[in-house]
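Each chain, letter by letter, is given below.
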Amino acid sequence: MTAPDPGNIAQRSLRQCLCNMAALLYRQGHVLETVSSPHRGLDAGALRRLAEAERNWPGHQRTLEQSKAATYNIQRRFVLTDLGRELLFEMFGEGAADIA
């Protein structure tokens, strides 16, 4: 039996975080373009509401940031990076990562 590849585990974890993020955003009334557009993003209040609605959100957010799939834009809003948008596109299709 071979040991699990850490790269595959990290990518699977990142994809799970993106999937959970998409579902949580939808439940909170957001669209994926909120985080896929570098000019939009989630402000501190929206991030706090996500954490209140989903106790696992802070861990997902941390994973997204540490993997460089998400960051903060110039307005200090949480957005996906090119890596995050690329994975989002692979998972949910072209429209998911369209930038308005």
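Rules used throughout
Residues numbered from 1 in each chain as written. Predicted model: local features only at pLDDT ≥ 70, side-chain atom pairs only at ≥ 80, totals over all residues. Heavy atoms only, no water. Core = buried A, V, L, I, M, F, W, Y, C linked by side-chain atoms within 4.5 Å. Buried < 20%, exposed > 50% of the residue type's maximum accessible area, 1.4 Å probe, protein only. Helix = DSSP H or I, 4+ residues; strand = E, 2+ residues; numbered from the N terminus. Contact = heavy atoms within 4.5 Å. Phe/Tyr/Trp six-rings, centres within 6.5 Å; stacked < 30°, edge-to-face > 60°. Lys NZ or Arg CZ within 6 Å of the ring centre and 35° of its normal. Axes fitted to C-alpha atoms, helices over the stretch in contact; angles between N-to-C directions. Parallel < 35°, antiparallel > 145°, perpendicular 65-115°, else oblique. Nonpolar A, V, L, I, M, F, W, Y, C, P; charged D, E, K, R; others polar.

## Looking at the nonpolar core
Residues M21, L42, W57 and L64 are the most contacted members of the largest nonpolar core, which totals 21 residues. Counting residues per element, the ones that place at least two in this core are α1 (6–27), α3 (44–53), α4 (57–66), β2 (78–80) and α5 (82–92). For this core, the element with the most residues is α1, which contributes seven residues. Residues in contact with W57, not counting those within four places in the same chain, are M21, L24, L47, L50, A51, L64 and F78.

## Brief notes about the packing of aromatic side chains
Inspection of every chain in the model, using the stated rule, returns two aromatic pairs. Look at W57 and F78: their rings are 6.0 Å apart centre to centre, the planes differ by 85 degrees, and that puts the pair in the edge-to-face class. Taken together, the residues W57 in helix α4 and F78 in strand β2 connect sequence positions 21 residues apart. Of the two residues examined, W57 and F78, each falls in the buried class. Between Y72 and F78, the aromatic rings sit 5.7 Å apart at their centres with planes inclined by 70 degrees, giving edge-to-face as the arrangement. For Y72, a relative accessible area of 26% translates into the label partly exposed. Here a set of aromatic residues connected by ring pairs shows up, and it is made of W57, Y72 and F78. The lysine or arginine in question, R76, covers the ring of Y72, its NZ or CZ lying 4.7 Å from the ring centre.

## Overview of the environment of L24
With respect to the helices and strands, the residue L24 is situated in helix α1. Sequence separation between L24 and L50 is 26 residues, and the spatial gap between their C-alpha atoms is 7.3 Å. Not counting chain neighbours up to four residues away, the residues in contact with L24 comprise L50, A53, E54 and W57.

## Considerations on unusual backbone geometry
One non-glycine residue, K68, lies in positive phi territory at about 70 degrees. Secondary-structure assignment places K68 in the loop between α4 and β1 (70–72). Residue classification places K68 among the exposed residues on the basis of a relative accessible area of 60%. Positive phi, close to 65 degrees, is recorded for R76, a residue that is not glycine. Position of R76 among the secondary structure elements: in the loop between β1 and β2.

## Quick look at the packing of α3 against α4
At their nearest, the axes of α3 and α4 sit 8 Å apart, and the two run at 125 degrees to each other. In terms of orientation, α3 lies oblique with respect to α4. For the pair formed by α3 and α4, the contact residues are L47, L50 and A51 on the first element and W57, P58 and Q61 on the second. Class assignment for the residues of the contact of α3 with α4 results in five nonpolar, one polar and no charged.

The values are spatial; any link to function lies outside them.
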